[in-house]
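Residues per chain, in single letters:
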Amino acid sequence: MNSTDPSLRPGYGRLLRTRGAWTFLLPGFAARQPFAMLTLSIVLLVRHTTGSYGAAGAAAAVTGVSMALFAPYSGRLADRHGQRAVLVPGVLVHALAALALTALALAHAPLWALFAAAVPTGASVPQIGPMVRARWGVKLKDSPLMTTAAAFESVTDELTFVLGPLLATALCTAVDPAAGLVAEATLTLLGGLLFAAGRSTQPPVSRDGGHARVRHASALRVPGVRVLVAVFLGIGSVFGGMQVSLAAFSESIGHPGLNGVLYGVFAAGNMLSGLVCGAVAWRTSPRRRLVLAYTALALVASTLWTAHSVPVLGGLGLLTGACIAPSLITGYTLVETLVPAGARTEAFTWMTGAVAFGQAAAVTVAGQLEDRLGDGAGFLVPMAGTVLALAVLVALRSRLAARPRGRAVARGVGHREAAAVD
């Protein structure tokens with residue numbers, strides 16, 4: 001396709017007119033909403049029952065690590081057997097595990113018991129975002145609208161992170177400390193089943209026997225994917241550090257309900273920036289855009305620890321969120337150019353898993369820093385995470401170049417022509 005044709009220029013209007021898109025967009029939005037409630041609901045519940053941000057952060061971290069470790073396997077199974085086959089049992093297990101975690105926390109069970117319930121809770125988190133992105137890939141193939149679709153999905157993710165923390169905070173503070181996690185389990189079950197019912201738009205499952213082993217090799221073998229994993233780990237450190245640190249800050253000034261508002265402002269910056277990114281017809285390469293966007297993110301995240309008032313923290317949070325969206329969108333766009341279609345759902349789950357793992361580590365460290373040092377020490381975590389990830393990105397940015405047609409994308413993964421995304 002010729003990206004200079006005015007009729008094919010990126011735009012949300014044209015994207016949303018894609019035939020059949022709404023049949024998976026609306027269920028996908030409903031199904032991914034609970035994910036934005038999970039970590040914060042665990043933090044608020046366990047903090048209430050134990051009195052420790054460290055314990056709360058550790059329980060949330062176990063959930064995040066479990067998700068990060070199991071998400072790629074979930075993605076690979078979806079590529080091999082179909083999304084529905086993975087989603088239906090997954091959401092059932094998740095709902096039961098989250099309810100068990102809730103019951104144990106309310107019963108003041110020992111921390112090891114909370115960890116035991118947190119493992120299946122995280123491992124069974126449905127990978128709705130990667131599945132929706134994979135469905136866009138089937139619909140659009142090598143269309144210039146793929147960048148717009150990546151931006152649209154980032155905006156959708158961030159809209160859930162505007163609404164999710166507000167809902168979780170409201171339920172946990174105004175209804176009951178356990179209400180957030182109970183609602184998350186219920187919405188995950190209902191939304192996941194609704195999304196799974198849309199069979200017509202899910203990516204086709206390959207039944208070729210002779211080439212199955214090549215097609216199903218891990219997407220992590222692609223060198224560029226490993227670089228993007230490091231980049232997304234840094235983004236996860238921002239999410240995790242912000243969640244704990246904003247909760248601690250709100251508690252310290254006597255307004256715990258402000259936590260959801262401040263996190264919503266942070267997510268709103270991400271969402272608004274994503275809207276702009278998707279509406280622009282970029283002329284610079286995705287690799288260059290990623291380096292520039294991530295540099296800005298590291299610089300802004302490095303100032304968070306200096307904020308000691310609501311207006312300043314809100315402003316810096318807004319800027320931090322605005323720097324995240326371009327990095328996420330460009331990273332997902334690069335996946336489209338680096339990974340063959342048969343391994344794309346798995347590749348997307350490596351990205352979301354990296355965010356979850358970075359978030360889990362950040363929640364743990366930030367919780368310990370807030371318990372021991374206080375005074376916004378948890379905000380040092382986003383600074384450290386993004387600076388380290390930026391160093392990896394700059395050093396290994398050459399691995400993000402799409403391979404030309406006819407060359408192996410990675411050992412055992414397959415061959416793919418580079419897609420036009422700019």
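These figures come from a predicted structure and were not determined experimentally.

Considering the overall build of the chain
Okay, step 1: Along the chain, the regular secondary structure elements total 16 helices and 2 strands.
Okay, step 2: Each of the 422 residues in the chain was classed as buried or not, and the buried ones make up 58%.
Okay, step 3: A sequence separation of at least 24 residues applies to 83% of the contacts in the chain between residues at least 6 apart.

Observations regarding the nonpolar core
The tendency in soluble globular proteins is for nonpolar side chains to be buried as a group.
Okay, step 1: One finds Trp136, Val339 and Leu393 to be the most contacted residues of the largest nonpolar core, which totals 74 residues.
Okay, step 2: Among the elements that make up this core, the one with the highest residue count is helix 11 (residues 223-252) (12 residues).
Okay, step 3: Each residue touching tryptophan 136, except ones within four places of it in the same chain, is listed here: Leu15, Thr18, Ala21, Phe24, Leu25, Lys141, Met146, Ala149 and Glu153.
Okay, step 4: Of all hydrophobic cores here, the second largest spans 24 residues; its members include Leu38, Ile42, Leu45 and Leu181.

A closer look at the packing of aromatic side chains
Okay, step 1: The full count for this structure, using the stated rule, is 4 aromatic pairs.
Okay, step 2: With 5.2 Å between their ring centres and 80° between their planes, phenylalanine 24 and tryptophan 136 make a pair best called edge-to-face. With a gap of 112 residues between them, phenylalanine 24 in helix 2 (residues 22-32) and tryptophan 136 in helix 7 (residues 128-140) connect regions that are remote in the sequence. Just as phenylalanine 24 is buried, tryptophan 136 falls in that class too.

Brief notes about unusual backbone geometry
Okay, step 1: Here the phi dihedral of histidine 108 falls at roughly 55°; this positive angle occurs in a residue that is not glycine.
Okay, step 2: By the element assignment, histidine 108 lies in the loop between helix 5 (83-106) and helix 6 (111-123).
Okay, step 3: Using a relative accessible area of 57% as the deciding quantity, one classes histidine 108 as exposed.

Describing a nonpolar patch on the surface
Okay, step 1: Taken together, the side chains of Leu69, Phe70, Leu233 and Phe357 define a hydrophobic patch exposed on the protein surface, amounting to about 350 Å² of accessible area.
Okay, step 2: With respect to the secondary-structure elements, phenylalanine 70 resides in helix 4 (residues 53-81).
Okay, step 3: Under the relative-accessibility criterion, phenylalanine 70 is labelled partly exposed at 44%.

Looking at the pattern of salt bridges
Okay, step 1: In this structure the tally under the stated criterion is 2 salt bridges.
Okay, step 2: In this structure, glutamate 153 engages arginine 32 in a salt bridge whose closest nitrogen and oxygen atoms are separated by 2.6 Å. Residue glutamate 153 is found in helix 8 (residues 145-175), and its partner arginine 32 is found in helix 2; the two are separated by 121 residues along the sequence.
Okay, step 3: Glutamate 251 is the partner of arginine 47 in a salt bridge, and the nearest nitrogen-oxygen pair spans 3.9 Å. Here glutamate 251 lies in helix 11 and arginine 47 lies in helix 3 (residues 35-50), a separation of 204 residues in the sequence.

What to know about empty space enclosed by the protein
Okay, step 1: Following the criterion strictly, the structure yields 7 cavities of 30 Å³ or more and no others.
Okay, step 2: Of the pockets and cavities examined, the second largest cavity occupies roughly 120 Å³.
Okay, step 3: Elements with a contribution of two residues or more to the lining of the second largest cavity: helix 3, helix 4 and helix 15 (344-372).
Okay, step 4: Considered class by class, the residues forming the lining of the second largest cavity number 9 nonpolar, 5 polar and no charged.

Quick look at the environment of phenylalanine 152
Okay, step 1: Relative to the assigned elements, phenylalanine 152 resides in helix 8.
Okay, step 2: Phenylalanine 152 sits 19 residues away from arginine 133 along the chain, and the two C-alpha atoms are 9.9 Å apart.
Okay, step 3: Once residues within four sequence positions are removed from consideration, phenylalanine 152 is found in contact with Tyr12, Leu15, Leu16 and Leu25.

What counts and what doesn't
- Residues numbered from 1 in each chain as written.
- Predicted model: local features only at pLDDT ≥ 70, side-chain atom pairs only at ≥ 80, totals over all residues.
- Heavy atoms only, no water.
- Helix = DSSP H or I, 4+ residues; strand = E, 2+ residues; numbered from the N terminus.
- Buried < 20%, exposed > 50% of the residue type's maximum accessible area, 1.4 Å probe, protein only.
- Contact = heavy atoms within 4.5 Å.
- Core = buried A, V, L, I, M, F, W, Y, C linked by side-chain atoms within 4.5 Å.
- Phe/Tyr/Trp six-rings, centres within 6.5 Å; stacked < 30°, edge-to-face > 60°.
- Patch = residues over 30% accessible without salt bridge, like charges linked within 9 Å, V, L, I, M, F, W, Y side chains within 5 Å.
- Areas by Shrake-Rupley, 256 points an atom, 1.4 Å probe, with all protein chains shown as cover.
- Salt bridge = Lys/Arg side-chain N within 4 Å of Asp/Glu carboxyl O.
- 1 Å grid on protein atoms, 1.4 Å probe; cavity = no way out; pocket = protein on both sides within 12 Å on 5 of 7 lines; lining within 4 Å.
- Points joined across faces, edges and corners; volume = space filled by probe spheres on them.
- Nonpolar A, V, L, I, M, F, W, Y, C, P; charged D, E, K, R; others polar.

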